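Architecture and fold: a report
Next come the chains, spelled out residue by residue.
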Amino acid sequence: MWEETGDSVTLLCLTASSGVPLYCRSRGGSVKQQLPFSVIGSLNGVHMFGSNLDVLLTAACTENTRVVWKVFHNSITLIVLSSDEGASDFSLGRLLENVFNAMVLVLGLEELVNARNIERLKKDLKACYRLIDSFLEPGKCSADLTHYVECAVVPSRAILQECLEAFASSAESRFGSLLTGGHVLCATEQWWQLAAQEAMLLVWLVRTLPPHTSRDLPVYLPHGSPTVPHRFLTFQLVSGLEVVLLCGPSPSLQYLADELVKQFWQPLLDLLKQTARASPRCLPPSTYLAPGILGLLLINQEQRKSLFTVQPHGSQAEGSEMPLKSRLCALRSFYALAISLYFPSEKSEGSTVPLQEEFQAGFSHHPQHCYIVSATHKAYAIHGRQHQLFLLLKPDVPTFALRSLATSTLQALTAEDSTL
């Protein structure tokens, strides 16, 4: 039987009706070639066999490989095979959702659902490969898992926000944001009205594109406008800092780049350069965090934004308690565990059957706190009405103190900036 090797991930895309392979992408391990057709046929065949018997096959696992299936709009079947130690049904399910939404973002839903020429669709899908492959890489942030864009809080946000609002208004756009390193510094009010996955995808798209002074790209919004494209404009203000807009047919890219960008952003050049060199903490310098915190993820569920860092005390203050790569893996795994087992979560678009039995079934209440203890770290989570907080802590932090530490941290983070 075929097995994934190392920390590899393989993604298959097929037509749901006939099982024709559209593409196969892979990352890591020793598997670089296309999967044998017999393996592709078997993976799709067992899913179709169950479907014909009214049995929904969502996931399976062998000794070292986990497999997840998902069908979108009864037209596209995505299958992922992963031997990554930190992979779970939840994280792989999110991966498949991201991949399909990336396909819609680039090509539009109509071309995927009503494909009349399979060979042409295969060719068109090549335009999605860079974006799709980025989701197969090991997680370096949380947005792909949470579907909430990551924000960076800076003292100068009010000034940047005012400039952004004026710039977007002059550009005849209600949707604009200022990005640095895959984080949103500020955004217009209407930007936050986009579906969480859409905002995340647009920010992710900018991260995957090669550097350029300006771009004018057609994009489809998977939830808001899956069949009618919008113009997605990006402008590099300084190295590592970009302003992006969703626009209609006008104004032209040249007018925006030559006139409006200079008019609104040139006076703030020194501030923009200082902002681009900001610390990777993504937190205001005045925010105090307990020294035992190794990483944190704060989510504002109402405003669809988050803060995420595994360097909460700055890069110069990090010790050797836990490597950054291990912190990333541990915090992402803890989030997936807490959301899939303990905390109620939003149902995925088009999902009618849960991936697993709900933990809360038979209980009279929903969990609001959870924690884990291991040899290398401890973790604690709070699930509130508006905020969710996930903390990664040193193993020597007393277990009895986890709740009070997490509560005080949540209060400090939310009091520091009312938008979070």
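Residues numbered from 1 in each chain as written. Predicted model: local features only at pLDDT ≥ 70, side-chain atom pairs only at ≥ 80, totals over all residues. Heavy atoms only, no water.

Focus: the pattern of salt bridges
- Applying the stated criterion across every chain, the model contains 8 salt bridges.
- In this structure, the salt-bridge partner of Asp124 is Arg120, at a minimum N-O distance of 3.8 Å. In this pair, Asp124 and Arg120 both sit in helix H4 (residues 118-125), 4 residues apart, roughly one turn of the helix. (Salt bridge = Lys/Arg side-chain N within 4 Å of Asp/Glu carboxyl O. Helix = DSSP H or I, 4+ residues; strand = E, 2+ residues; numbered from the N terminus.)

Some words on the confidence of the model for the protein chain
- Within the protein chain, residue pLDDT values average 87, and 88% of them lie at 70 or more.
- Across residues 347-353, where pLDDT falls below 50, the model places 4 contacts with residues more than four positions away in sequence or in other chains. (pLDDT = per-residue confidence, 0-100. Contact = heavy atoms within 4.5 Å.)

Let's talk about the side chain of Asn44
- With respect to the helices, strands and loops of the structure, Asn44 is situated in helix H1 (residues 37-52).
- Its relative accessible area of 6% is what places Asn44 among the buried residues.
- When neighbours within four sequence positions are excluded, Asn44 is seen to be in contact with Leu14, Gly19, Thr77 and Ile79. (Buried < 20%, exposed > 50% of the residue type's maximum accessible area, 1.4 Å probe, protein only.)

Let's talk about the nonpolar core
- Counting 74 residues, the largest nonpolar core has Tyr23, Leu78, Met103, Leu112, Leu125, Trp191 and Leu202 as its most contacted members.
- Counting 28 residues, the second largest nonpolar core, distinct from the first, contains Leu160, Leu178, Phe235 and Trp265. (Core = buried A, V, L, I, M, F, W, Y, C linked by side-chain atoms within 4.5 Å.)

Structural notes on the sheet that holds strand S8 (residues 183-187)
- Strand order across the open sheet formed by 5 strands is S8-S7-S11-S10-S9, with antiparallel pairing between neighbours. One side of each edge strand has no neighbouring strand; the edge strands of this open sheet are S8 and strand S9 (214-221). Each neighbouring strand pair of the sheet contributes to a mean axis angle of 30°, computed without reference to strand direction.
- For strand S10 (residues 225-238) and strand S11 (residues 241-247), the ladder comprises 7 bridges, and the chain directions are antiparallel. (Pairing = 2+ DSSP bridges. Axes fitted to C-alpha atoms, helices over the stretch in contact; angles between N-to-C directions.)

Some thoughts on unusual backbone geometry
- The omega angle of the peptide bond from Ser250 to Pro251 is 0°, so this bond is cis rather than trans.
- Within the secondary structure, Pro251 is located in the loop between S11 and helix H9 (253-265).
- Positive phi outside glycine occurs at His73, with the angle close to 55°.
- Positionally, His73 belongs in the loop between strand S4 (66-72) and strand S5 (76-82).
- A relative accessible area of 48% places His73 in the partly exposed class.

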